[in-house]
Amino acid sequence: MKRKPGVLLIGLGVLAFVATMIGAFRLAVTFDQRLAFHPPISERGEAEEWTPRQEALEQQRQEEEEAARTKPYEEEEYRAFPKVGSRVAIWVVAQLHLLFAAFVLAVPMFAVVIEWIGIRTGDKRYDALAYEFTKLLSVSFSLTATFGAGLTFMLIALYPKFTNYLMHVFSPTFLPYVLLFFAEAGFLYTYYYGWGKFSPKVHLFLGIMLNVVGTGIMVIANAWLTFMMTPNGVSESGALISTWDAVSNYTWMPINIHRLIANVAYGGSVAAAYAAYQFLQAKNDAERAHYDWMGYIGNFVAICGLLPLPFAGYWLASEIYAFSQTMGLTMMGGAFSWLFIIQAVLIGNLFLFANWYLWLGMGRIQGAERFRAFIWPLLTIITICFAIWATPRSIIATTEEVQAMGGSSHPVLGYLGVMSAKNTAVNILILTTYVSFLLYRRSGKIPTVKWAKTGNLAQAIIFALSAATVIGYGIAGYRVDAATRIGFSRPQVGAVLLAMLLVTVIDVLMLRGAKTTDTRWGKIRPLSQYLLIMLAVTFTWLMGLMGYLRSGLRLHWHVFGVVRDTSPDAFTPTLGFATQVVSVTVLIFFGLIGFVFWLAGLSGKESHAGEEAAAHAAHPSPVGFDPSPAGATPMSSAGGSAPAASAATSSRIETS
Amino acid sequence: MEQFNWWVIVPVFAALIALRWRRTSMLTWFAAWWIGMFLVVRYGFTVPVPMSVVKLYMGLVTAALVAYVLTDAGRIREVTEPLAAFMTERRYLPYLAAVALFIPAAVAFGIYRDMTRVPQPPSFARTIHPATPAEPIDVHGTSYDLGTADNPYRELEETDPAAFKARVENGRKIYYENCFYCHGDVMAGDGMFAHALNPIPTNFQDPGTIAMLREAFLFWRIAKGGPGLPAEGGPWASAMPAWENFLSEDEMWNVILFLYEFTGHRPRAVELH
Ligand code: HEM
């Protein structure tokens, strides 16, 4: 009651102020008119006093009006985007859309798996973790949709004719896309807001459907962009013959697979970066323990995705080569060959950071000291493989250096620049990362079975044999034709996979009933958290760079060999320019995702601390998540049922 | 083996191994490895490794060493403590002053050296294997689609070895009549004209050349030569002649058979789905 007159007075005051201003203005205008100069002679009729200039102006105005009225309608092919040009504008928006989309597709995959582990083990902390991952989704989902809409409008506005052509080929896919998108929104929000409100089975089902629908969306969108690169199902002049053929073009499946896996790896690393960000801000040990654990799981997911990626990448590359030798050569030997050196450096960094993080993680485990000695040989192997993987085939050199080398490839290093060497290096990198992981897993356990010594020996022999197979095929690859050489990558991959499988089986059996020591979550050096963040940034940058590769490979075509790009932007951006655009895009992305992180951090702050304390009270000695190495078997793309199962086993062992 | 400077590599590794038996501080160890690796990369090869690659490798070595040190709190202390002591303790003052003078002096020397260096022509990252033209090419009136074309005589290898052999022999004749001046008598890219040319003739023994390519690619390069290189194959100074002006289609396909036969490489097959 008391405040009412106050409000009234303020209102009146504002009104009075406005009224005074209007009055003052009127007054000023009136005075101005009074004081202004008026010609002494009375005004004359208008018509007679027109100067020729005025007449000409009037005529021109009429002509313009006439022209505007009868202007014919013309279809525009392109419109320009101010300042940066259409191409860069579309590029940045598409890349941002893709980055958010990849994240939104990836997180539900492991959120559901973690939720399932929680249900299986009855450990509430998994449920809380899955929920925390999911919290990152809703804002990201809106951002994905926003950028998607932006991309669509910009395509229509800037590339109307070409967009029209894509509609011509793909119109039957649009409705399903929209419907799936609708379903995605439905599942996502019920999954998120219905947390704890449904029975676990129903909720899990929602999560699985979210994944199915999300993958469907990606697969449809992939059809459009792979069609642009490797068109199929259209006549020479571009007329549609079969939409299905257009969808199932050469690179559709390889990109589906490569992206699916890459998304998981990327999503895991971004989620780990979120955990790192929260870890570094944590106020107490409980929070630190929680976010350390979350970051560890995120990184684990990222490694699981990282290991099979090179294989998927080679498959994609060989399909591109098979579709068009020209495109294959442009990619591997031509204009883009230098991009692969950057790619190699980035991927090498991913492996290095991931391993390094695991080594640092040993700090949280009592009894890990005995594995310290393994770090430097592993590091040496990784460095050597990294160096081979990054050795350029044709080297940037001064004229003097070229003359000394006798060509642009070095007589010794030239051998490291070809596919045999690279394949071998990457397989060994994978094997090494796996060993790091195994050591990490081992560090908290002392096997009690009698045959532990034999088991260790067997594992060492398996690794040695597998490495020997990989290297042997690598060397043999120099003396055979290209097709056989590409074929050699199969036994190489096979040897690596088999070794990982066998070693895992031995390990699981051997660690049955092992003595375990504490894992002190949160007792890890902050450096490790910066590594997690760098991992996420590297991944994002890599994605942007590879997106440039995919779309740059088309050179001056919208649809390779079918629809030519005749816009002023039809050039292929240079690598230097592309890296700048990609870097700016990555900065924008991290600005936005930082906002998402911040929001996600806000929503759970108070309630979270209570939950955390409860979880810790329930588990006086933190058992720690212990993903079995089975989870790292790359090809178990089914979605990590293995880690779930064995994590369940190991917690059962530990609690018994 | 003569491609390595053993008198650099062996002592460096011997010294590094010896370092293991002596208790040295982490800092010494770090420096020793860095310098050792630099020596091996820079001087360990008979044909010097270009600076761009040396930098790449040393970047990796630095990253690995840093990772090694940073993985262990004890090692970090071992590295930082002497450095901190060096900068803060009184007894090191003269040395610190020397370092403080040395750094600008080194920069100045670097600038001096750069300014007085004999100018070099700018380097150009030539694309060795540029993409083939997407449109079919025309040779002696025949049109070849390079995406699908293949050596018409390759199949003789299985169906009629005698005829195949005859064609390879014909290729040998063509090679030693036309190509070996540049590409060398064992195809190592070191023929007698090679030293005058830039870019130098391709070394076919190298696993990164014809072993990676399809025969149609070679046919295109042989028929159209340096003048037929596309834009990205610049700087277009290749001395490789356009052999369509001198040889028949048959002869070009035959010499290709010989290139593979002689080097033992196999061509990349045409992959069709
Ligand atoms: C360890 C090895 C590899 C890693 C970590 C990796 C990672 C990635 C990532 C994160 C993306 C972005 C995925 C997305 O769009 O959602 C990507 C895309 C791509 N990758 Fe790889 N990749 C690897 C190997 C390869 C190889 C060997 C090739 C072939 C030469 C390759 C070719 C491509 C292409 C063309 C794309 C573009 C797809 C697109 O975004 O449209 N990748 N890769």
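Residues numbered from 1 in each chain as written. Chains lettered and ligands numbered in written order. Predicted model: local features only at pLDDT ≥ 70, side-chain atom pairs only at ≥ 80, totals over all residues. Heavy atoms only, no water.

Participant: Please clarify how the site of the ligand should be interpreted in this entry.
Facilitator: Residue and element names in this part refer to chain A. Neighbouring residues of the ligand: 21 residues in total, closest His-258, Arg-259, Asn-263, Met-543 and Arg-550. The separation between an oxygen atom of the ligand and a polar side-chain atom of Arg-259 is 2.9 Å. Between a nitrogen atom of the ligand and a side-chain N or O atom of Gln-343, the distance comes to 3.5 Å. Contributions of two or more residues to the shell around the ligand are made by helix H9 (252–281), helix H11 (309–323), helix H13 (337–361) and helix H19 (526–552). With six residues, H11 is the largest single contributor of residues to the shell around the ligand. (Near = heavy atom within 4 Å. Polar contact = N/O pair within 3.5 Å; in protein donor to acceptor, adjacent residues only side chain to side chain. Helix = DSSP H or I, 4+ residues; strand = E, 2+ residues; numbered from the N terminus.)

Participant: Teacher, can you tell me more about helix H12 (residues 325–332) of chain A here?
Facilitator: Because each turn of an α-helix spans 3.6 residues, side chains separated by three or four positions end up pointing in the same direction. Taking burial as the measure, the eight residues of H12 of chain A include seven buried ones, the bulk of the element. Buried within H12 of chain A are the following residues: Gln-325, Thr-326, Met-327, Gly-328, Leu-329, Thr-330 and Met-331 of chain A. The inward-facing, buried residues of H12 of chain A contact helix H7 (200–229), H11, H13 and H19 of chain A together with helix H8 (215–224) of chain B. (Buried < 20%, exposed > 50% of the residue type's maximum accessible area, 1.4 Å probe, protein only. Contact = heavy atoms within 4.5 Å.)

Participant: Quick question: what am I supposed to make of the packing of aromatic side chains here?
Facilitator: For the coordinates displayed, the defined rule picks out 53 aromatic pairs over all chains. For the pair Trp-244 of chain A and Trp-252 of chain A, a centre-to-centre distance of 5.9 Å together with 85 degrees between the ring planes defines the contact as edge-to-face. Between Phe-86 of chain B and Tyr-92 of chain B, the aromatic rings sit 5.7 Å apart at their centres with planes inclined by 45 degrees, giving tilted as the arrangement. According to the relative accessible area criterion, Tyr-92 of chain B is partly exposed, its value standing at 25%. Linked through ring pairs, Tyr-131, Phe-141, Phe-181, Tyr-189, Tyr-191, Tyr-192, Tyr-193 and Trp-195 of chain A together constitute an aromatic cluster. Over the face of the ring belonging to Tyr-153 of chain B we find Arg-167 of chain B, whose NZ or CZ atom lies 3.7 Å from the ring centre. (Phe/Tyr/Trp six-rings, centres within 6.5 Å; stacked < 30°, edge-to-face > 60°. Lys NZ or Arg CZ within 6 Å of the ring centre and 35° of its normal.)

Participant: Explain the packing of helix H14 (residues 372–390) of chain A against helix H3 (residues 51–70) of chain B here, please?
Facilitator: The axes of two packed helices give the description: the angle between them and the distance between them. Orientation of H14 of chain A relative to H3 of chain B, taken along the N-to-C sense of each, is 160 degrees, at an axis distance of 10 Å. When the interaxial angle is binned, H14 of chain A and H3 of chain B end up roughly antiparallel. Viewed along their axes, H14 of chain A and H3 of chain B form a crossing whose handedness is right-handed. Note on element contacts: H3 of chain B touches H14 of chain A through Leu-56, Tyr-57, Leu-60, Ala-64, Ala-67 and Tyr-68 of chain B, opposite Trp-376, Leu-379, Thr-383, Phe-386, Ala-387 and Ala-390 of chain A. Of the residues belonging to the contact of H14 of chain A with H3 of chain B, the class tally is eleven nonpolar, one polar and no charged. (Axes fitted to C-alpha atoms, helices over the stretch in contact; angles between N-to-C directions. Parallel < 35°, antiparallel > 145°, perpendicular 65-115°, else oblique. Left-handed = near helix turned anticlockwise from the far one by under 90°. Nonpolar A, V, L, I, M, F, W, Y, C, P; charged D, E, K, R; others polar.)

Participant: In this structure, what is going on with the coordination of the iron atom of the ligand? I would like to understand it.
Facilitator: Each donor-metal-donor angle would ideally measure 109.5 degrees in four-coordinate tetrahedral geometry, or 90 or 180 degrees in six-coordinate octahedral geometry. One donor from the polypeptide reaches the iron atom of the ligand: His-258 of chain A (NE2), at 2.2 Å. With respect to the secondary-structure elements, His-258 of chain A resides in helix H9. (Donors = N, O, S within 2.8 Å, 3.2 Å for Na, K, Ca; no water.)

Participant: How do you make sense of the domain arrangement of chain B when you look at a structure like this?
Facilitator: Quite often, the size of an interface is put as the accessible area lost when its parts meet. Along its sequence, chain B is carved into domain 1 (6–116) and domain 2 (137–263). The gap between the C-alpha centroids of domain 1 of chain B and domain 2 of chain B is 48 Å. (Domains from an automatic or database assignment.)

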